[in-house]
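Structural overview
What follows is each chain in one-letter form.
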Amino acid sequence: MKALVLTEPNVFAVEDVAMPSAGPGEVVARVRAVSICGTDAHLIAGPYPGFWPPSFPFTPGHEWAGELMEVSPEAEALGWAAGDRVCGTSHDACGFCQKCVEGRYNLCENYGNMEVHRQYGHNYQGAFAEYVLHGVKSIFRMPDDMDFATGAVVDPASIALHTANRGGVRPGDTAVIFGPGPVGLLVADACRIRGAAHVVVVGRGQRLEQAAAMGNETVDFENTDPVSAILEITDDHGADVILDCAGVADTFKWSLPALRKGGRIAAVGIPVERVDLDFQEFVLYEKELVGVRATAGEMRHVLPLVANGSIRAKELITHRFPLDEFADALATFNERREGAMKVIVEP
């Protein structure tokens, strides 16, 4: 089969590799669509040496949809069959550690033990390929009327819902999102689903224009001080919840003074540099900062929301490429060519 093979940071090619075969509790799927994620771009560039990926050669890709081709007896016993249309997510956790038992399998305490835990496209071979191997815990049945490209955006939509859940957005809240990229715009929809009365997106350029076109209040940080703008919008109280989807030092520094007393920051953007914060703000005003990693049970909840358009994943798909043109697809994503948001690769 054809697969994208990364041999060192920023060095990759589409090559012929061996077909995977399903083991106990596993399936092999024909991949029909894969969405490029910011984590894919980082993983290919190499800022997580020895972690993502743990070694080379490596095939990334974890936001995908397709149809089952090979089903193990254990998967068949759970109701899966060849031809089933599915979308995938990355974490295939052990299922028996304390965090897994509590439902927080994204924090599996056996992460890195490949005998019982895999994170597809991160520390185990991923989906930028014609076929992909997955465990049954990390596949989800797609609605019949959902196309494969939209199915490939269900995983980031589930992360967006997890972000809003971790933020604790409540009815009537003012929620502020830093970063109008694909995840940020999906988070905005997730905040509305949880009942936020005001959803404000902070950013710049064409992506901020997209945020406005989708009905969000917007703040352009190139033209105004974002902290002052948020305080003005909230009558000087600050935002109830801030959801950081940018993961850069400036947005964290803006978040604290723009947050209401007792408010919460949920950070899903992964910083690649040190961030200094004033912890007096957290202590004196009971402000909270929580991390957000992937998704923890939201896939089944988000599927009907994507299907009915409440979370507008399909609207964010801007480009499609065949697998052989992956280099152009990645450059389109990284350089935001022609307003690129979700870039789909179709093996």
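Everything below is about the structure printed above this text.
Computed from a predicted structure; not experimentally measured.

For the rest of this paragraph, the subject is the packing of aromatic side chains. Taken as a whole and assessed by the stated rule, the structure comprises nine aromatic pairs. On the numbers, 5.5 Å between centres and 90° between planes, the contact of Phe-12 with Phe-326 is edge-to-face. With Phe-12 in strand 2 (residues 11-16) and Phe-326 in helix 12 (residues 326-335), this residue pair connects regions lying 314 residues apart in the sequence. Overall, Phe-12 belongs to the partly exposed group, its relative accessible area being 26%. A ring pair is formed by Phe-128 and Phe-326, whose centres lie 4.9 Å apart and whose planes are at 65°; its orientation type is edge-to-face. You can see Phe-128 sitting in the loop between strand 7 (118-119) and strand 8 (131-135) and its partner Phe-326 sitting in helix 12, a full 198 residues away along the chain.

Let us look at the layout of surface pockets. In this structure, the second largest pocket encloses a volume near 250 Å³. The wall of the second largest pocket is formed by 17 residues, among which Met-1, Val-17, Ala-18, Thr-59 and Gln-125 lie closest to the centre. In the lining of the second largest pocket, the residues fall into 14 nonpolar, three polar and no charged.

Relative to the helices and strands, Ala-296 resides in the loop between strand 15 (288-291) and helix 11 (299-307). Note on Ala-296: relative accessible area 19%, which makes it buried. Spatially, the C-alpha atoms of Ala-296 and Arg-207 are 28 Å apart, while their sequence positions differ by 89 residues. Setting aside chain neighbours within four positions, we find Ala-296 in contact with Gly-103, Arg-104, Tyr-105, Asn-106 and His-162.

Turning our attention to the packing of helix 1 (residues 38-45) against helix 12. Packing of helix 1 against helix 12 leaves a shortest axis separation of 11 Å and a crossing angle of 115°. On the basis of the axis angle, helix 1 is roughly perpendicular to helix 12. The interaxial crossing formed by helix 1 with helix 12 has left-handed handedness. Contacts between helix 1 and helix 12 involve Gly-38, Ala-41 and Ile-44 from the first element and Phe-326, Leu-330, Phe-333 and Asn-334 from the second. Tallied by class, residues from the contact of helix 1 with helix 12 come to five nonpolar, two polar and no charged.

Across a sheet, strands are paired by hydrogen bonds formed along the backbone, either parallel or antiparallel in direction. Pairing is parallel in the open sheet, where six strands are placed in the order 12-11-10-13-14-15. Edge strands, defined here as strands with exactly one partner in the open sheet, are strand 12 (217-220) and strand 15. Pairs of neighbouring strands in the sheet enclose a mean axial angle of 20°, with direction left out of account. As defined by bridge partners, strand 10 (residues 174-178) adjoins strand 11 (residues 198-203) across five bridges and the pair is classed as parallel.

Quick look at the nonpolar core now. When a protein is soluble and globular, its nonpolar side chains tend to lie buried together. In terms of nonpolar packing, the biggest core is built from 48 residues, with Ile-177 and Cys-191 touching the most fellow members. Contributions of two or more residues to this core are made by helix 5 (154-167), strand 10, helix 6 (182-193), strand 11, helix 7 (205-213), strand 13 (239-244) and helix 11. Apart from residues lying up to four places away in sequence, Ile-177 is in contact with Gly-184, Val-187, Ala-188, Cys-191, Val-199, Val-200, Val-201, Val-202, Leu-243 and Cys-245. Ranked by size, the runner-up nonpolar core spans 32 residues in total, among them Leu-4, Val-136, Phe-326 and Ala-340.

Pairing of strand 3 (residues 26-35) with strand 4 (residues 63-71) involves eight bridges; the strand directions are antiparallel. Bridging from a neighbouring strand, Val-27 pairs with Val-71 of strand 4. As judged from the three bridges shared by strand 4 and strand 5 (residues 85-88), these two strands associate in the antiparallel manner. Bridge pairing links Glu-67 to Arg-85 in strand 5.

Thresholds, definitions, all that
Residues numbered from 1 in each chain as written. Predicted model: local features only at pLDDT ≥ 70, side-chain atom pairs only at ≥ 80, totals over all residues. Heavy atoms only, no water. Phe/Tyr/Trp six-rings, centres within 6.5 Å; stacked < 30°, edge-to-face > 60°. Helix = DSSP H or I, 4+ residues; strand = E, 2+ residues; numbered from the N terminus. Buried < 20%, exposed > 50% of the residue type's maximum accessible area, 1.4 Å probe, protein only. 1 Å grid on protein atoms, 1.4 Å probe; cavity = no way out; pocket = protein on both sides within 12 Å on 5 of 7 lines; lining within 4 Å. Points joined across faces, edges and corners; volume = space filled by probe spheres on them. Nonpolar A, V, L, I, M, F, W, Y, C, P; charged D, E, K, R; others polar. Contact = heavy atoms within 4.5 Å. Axes fitted to C-alpha atoms, helices over the stretch in contact; angles between N-to-C directions. Parallel < 35°, antiparallel > 145°, perpendicular 65-115°, else oblique. Left-handed = near helix turned anticlockwise from the far one by under 90°. Pairing = 2+ DSSP bridges. Core = buried A, V, L, I, M, F, W, Y, C linked by side-chain atoms within 4.5 Å.

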